[in-house]
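So the chains spell out like this:
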Amino acid sequence: MTALRFPRGLYGVTPEWDDTGRLLDAVRHAAAGGMRALQLRRKDVPASVRREQAMALASECRALGVVFLVNDDWELALEARADGVHLGRDDGDVAQVRAAAPDLIIGASCYNDIARARTMLDAGADYIAFGAVFPSPTKPAAVRAPLPLFGEAQALVRGRPAPRPGVVAIGGITPANAVLVAQAGADAVAVITGLFEAPDIRAAAMECARAFLPPPAGATG
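Definitions and limits used
By convention here, each chain's residues receive numbers from 1 onward along its written sequence. Local features in a predicted model are, by the rule used here, given only for residues with pLDDT of at least 70; side-chain atom pairs are given and counted only at 80 or more, and totals for whole chains, interfaces and linings are based on all residues. The side-chain quantities take in all heavy atoms of the structure and omit both hydrogens and water. UniProt positions are given in the numbering used here, feature names are shortened, and annotations may be inferred rather than shown by experiment. Burial classes follow relative accessibility: with a 1.4 Å probe on protein chains only, a residue under 20% of its type's maximum area counts as buried, one over 50% as exposed, and anything between as partly exposed. Contacts are assigned to residue pairs with any non-hydrogen atoms lying within 4.5 Å of each other. The numbering of helices and of strands both runs from the N terminus, where a helix is a DSSP run of H or I of at least 4 residues and a strand a run of E of at least 2. Two N or O atoms form a polar contact when they lie within 3.5 Å of each other; inside protein one atom must be a possible hydrogen donor and the other a possible acceptor, and for residues adjacent in sequence the pair counts only when both atoms belong to side chains. By the convention used here, strands pair only if DSSP detects at least 2 bridges between them. Convention used here: a crossover is right-handed provided that the path from the first strand, over the helix, to the second strand proceeds clockwise when the strands point away from the viewer. Every angle, taken between N-to-C directions, lies between 0 and 180 degrees, and every axis is a line fitted to C-alpha atoms, over only the stretch in contact when it is a helix. Put simply, angles under 35 degrees are roughly parallel, angles over 145 are roughly antiparallel, angles from 65 to 115 are roughly perpendicular, and the rest are oblique. Left-handed describes a crossing whose near helix is turned anticlockwise from the far helix by less than a right angle; the clockwise case is right-handed. Note that Gly is not counted as nonpolar here; it falls among the polar residues with everything else outside the nonpolar set of Ala, Val, Leu, Ile, Met, Phe, Trp, Tyr, Cys and Pro and the charged set of Asp, Glu, Lys and Arg.

1. Some points on the UniProt feature "binding site: Mg(2+)" (unreviewed entry) in the protein
As annotated in UniProt, the feature "binding site: Mg(2+)" (unreviewed entry) corresponds to Asp72 and Asp91 in the numbering used here. Sequence-wise these annotated residues cover 20 residues; spatially they are packed, their C-alpha atoms never more than 5.2 Å apart. Assessed through its relative accessible area of 23%, aspartate 72 is described here as partly exposed. Not counting chain neighbours up to four residues away, the residues in contact with aspartate 72 comprise Lys43, Val85, His86, Leu87 and Asp91. Inspection of the secondary structure assignment puts aspartate 91 in the loop between strand S4 (84-87) and helix H4 (94-100). For aspartate 91, the residues in contact, after removing those within four places along its chain, are Lys43, Asp72 and His86. Only 2.7 Å separates the side chain of aspartate 91 from the backbone nitrogen of glycine 88, close enough to count as a polar contact.

Okay, structure coming up:
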């Protein structure tokens with residue numbers, strides 16, 4: 001299997017919970033089910049709350065062996081000793097962040113824009129993220145990234161030096177539809193509601209992670 005710069009499989013994204021203890025407990029359950037990476041995404045909270053949760057999650061993820069990223073804020077990612085940062089269109093220049101923080105994993109939102117993805121890869125992004133793949137309760141007005149787009153994205157990353165950049169899908173992904181996105185060409189699925197609002201977080205994580213397992217020996221398509 002091709003080596004990637006970002007973990008293959010389930011990529012959890014935090015819900016809007018202020019209760020850090022509840023969040024840490026949920027992360028433990030998700031990791032037990034196979035979550036490989038986690039992003040702290042808190043858009044509309046005081047900086048002190050975001051910092052507290054970043055510090056707590058960075059420590060917990062190190063203990064669990066889960067790759068930890070901070071949304072938007074690369075300086076907070078460095079302060080918390082996170083593994084990386086995820087940058088949207090208005091969150092900073094990928095090339096500038098790469099120059100300032102060469103060891104950080106950098107993910108870039110590309111929405112449904114292959115041309116932007118190419119630019120982000122050339123600037124040094126370690127993964128390119130597309131979405132929303134399905135209608136998203138978190139971003140109901142988000143542009144849609146159709147499943148065939150992931151085949152185009154794979155063509156972009158295949159020629160890059162190994163380990164190659166990853167292709168991430170986000171938006172409306174659930175344990176029930178994660179396999180469709182994996183089959184379309186995503187290397188990882190970023191999941192918020194379908195993971196952290198599930199009745200059984202560990203079981204939801206296991207189902208999402210299962211979508212990325214190789215088929216059993218002897219299985220036919």
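2. A look at the side chain of asparagine 71
By the element assignment, asparagine 71 lies in strand S3 (residues 67-71). Among the polar contacts made by the side chain of asparagine 71, one reaches the side chain of glutamine 39 at a distance of 2.8 Å. Apart from residues no more than four positions distant in its own chain, asparagine 71 is found in contact with Gln39, Leu40, Arg41, Lys43 and His86.

3. Thoughts on the pairing of S3
By the criterion of burial, S3 is predominantly enclosed, with five of the five residues buried. Burial along S3 is two-sided: Val67, Leu69 and Asn71 facing one way and Phe68 and Val70 facing the other are all buried. Direction of pairing for strand S2 (residues 35-40) relative to S3: parallel, over a ladder of four bridges. Bridge assignment links leucine 38 to a residue of S3, and that residue is phenylalanine 68. Following the backbone out of S2, through helix H2 (residues 47-64) and into the adjacent parallel S3, one traces a crossover that is right-handed. When S3 meets S4, the two strands line up parallel, connected through three bridges. Looking at S4, one finds that asparagine 71 is bridged to histidine 86. Taken together, S3, helix H3 (residues 74-79) and S4 form a β-α-β motif whose crossover is right-handed.

4. Points about the pairing of strand S1 (residues 9-13)
Walk down a regular strand and you will see the side chains alternate between the two sheet faces. Most of S1 is tucked away: five of the five residues are buried. With four bridges connecting them, S1 and strand S8 (residues 188-191) associate as parallel partners. In the sheet register, glycine 9 faces S8, and the bridge partner there is alanine 188. As defined by bridge partners, S1 adjoins S2 across four bridges and the pair is classed as parallel. For glycine 12, the partnering residue across the bridge sits in S2 and is leucine 38. Assessed by its sense of winding, the connection that carries the chain from S1 through helix H1 (residues 20-32) to S2 is right-handed.

5. Comments concerning the packing of helix H5 (residues 114-123) against helix H6 (residues 149-158)
Look at H5 against H6: their axes get within 11 Å of each other, and the N-to-C directions meet at 25°. Compared by their axis directions, H5 and H6 come out roughly parallel. Note that H5 runs across H6; the crossing there is right-handed. Residue-level inspection shows Ile114, Ala117, Arg118 and Leu121 of H5 in contact with H6, the latter providing Leu149, Glu152, Ala153, Leu156 and Val157. Across the contact of H5 with H6, the residue classes tally to seven nonpolar, no polar and two charged.

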